[in-house]
Amino acid sequence: MYNLEDKKNIIYLKNQLINAKLESLKEIYSKEDDYGFFLDTLNIALDAEPVFFIIDESILRKAEDILHHKRFDYKIPEFNSVINEIIGRINAIKATPESIKNVHRRQYSIWQQKVRETSFASQEDFLQGIAYDAIVMEKLYQGEIGEVDPIYFFSSTTYLAKVLPEFYQEDEERINLTIERLEVHANKRWIWNWAERSFAKSAIKNLQKVKAKEE
């Protein structure tokens, strides 16, 4: 339904809504083109992954604050049309009974952990696991993985391989670079590294599946 660029933009937006300061985001999305980009991405994210916006109350609040910051500054019909769609989606989320929201939150958490083949110890850990997807993508765009948090790195790699394999298929070097880094962890010795080895090997298998499909 959505193209690769849309999906990547959603991942970056999720990172920003989790980690970036509100005032910084208002500044980033203050100019006309940037605000229009934010509107499009937010609208798609609300349609594609509405549950993300209820896993922490600060996420939806931050998105709304950015939306309203420049809402009346640009008299552009296309902007107004998208803004109306966004407001409708947000109102639908807000009107959902809390009991239903709790069910959706649990289902979303279970699904995320299943796809990532890991578990999260806390809500903060869960949010940072989601935010780390954008960090992994950015490192691969730069062509150098550098320092990573191993557990989040394995989690995000597995998630991207399953949910966004096109990202790796877009540039095979991303697969090679990631596998090379994962093998460093997969080949670690000593008994206390067994969990790290296991997660790394699993992530490698998921990437190899992506590579096999590409070929």
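For the structure, see preceding data.
Residues numbered from 1 in each chain as written. Predicted model: local features only at pLDDT ≥ 70, side-chain atom pairs only at ≥ 80, totals over all residues. Heavy atoms only, no water.

Undergrad: Report on the packing of aromatic side chains, specifying residues and quantitative values.
TA: Centre-to-centre distance and the angle between the planes together describe a pair of aromatic rings. Scanning the entire structure with this criterion turns up 13 aromatic pairs. Relative to Phe 38, the ring of Tyr 29 lies with its centre 5.0 Å away and its plane at 40 degrees, an arrangement referred to as tilted. Each member of the pair, Tyr 29 as well as Phe 38, carries the same accessibility label: buried. Members of the aromatic cluster, connected to one another through ring pairs, are Tyr 108, Trp 111, Phe 120, Phe 126 and Tyr 159. Here the guanidinium or amino end of Arg 116 rests over the ring plane of Tyr 159, the centre of that ring lying 4.1 Å away. (Phe/Tyr/Trp six-rings, centres within 6.5 Å; stacked < 30°, edge-to-face > 60°. Buried < 20%, exposed > 50% of the residue type's maximum accessible area, 1.4 Å probe, protein only. Lys NZ or Arg CZ within 6 Å of the ring centre and 35° of its normal.)

Undergrad: Pulling in residues and values, what's your account of the pattern of salt bridges?
TA: Under the defined criterion, the tally for this structure stands at 14 salt bridges. We note a salt bridge from Arg 105 to Glu 98, for which the minimum N-O separation is 2.9 Å. By relative accessible area, Glu 98 is classed as partly exposed at 43%. Between Glu 117 and Lys 162 there is a salt bridge, with its nearest N and O atoms 2.7 Å apart. Highlighted residues: Glu 117 in the loop between α6 (98-116) and α7 (123-142) and Lys 162 in helix α8 (residues 150-163), separated in sequence by 45 residues. The partly exposed category is assigned to Glu 117, whose relative accessible area is 30%. The network of salt bridges with shared partners includes Glu 5, Lys 8, Glu 170 and Arg 174. (Salt bridge = Lys/Arg side-chain N within 4 Å of Asp/Glu carboxyl O. Helix = DSSP H or I, 4+ residues; strand = E, 2+ residues; numbered from the N terminus.)

Undergrad: Could you give an account of the nonpolar core, with specific residues and numbers?
TA: Leu 17, Phe 38, Leu 39, Phe 52 and Phe 53 are the most contacted members of the largest nonpolar core, which totals 37 residues. Of all the secondary-structure elements, those providing two or more residues to this core are α1 (4-19), α3 (32-48), α4 (57-69), α5 (77-95) and α7. With seven residues, the single largest contributor to this core is α3. Ignoring any residue separated from it by four or fewer positions in sequence, one finds Leu 17 in contact with Leu 25, Phe 52, Phe 53, Ile 59, Lys 62, Ala 63 and Ile 66. Residues Tyr 132, Ile 145, Tyr 152 and Leu 207 belong to the second largest nonpolar core, which totals 29 residues. (Core = buried A, V, L, I, M, F, W, Y, C linked by side-chain atoms within 4.5 Å. Contact = heavy atoms within 4.5 Å.)

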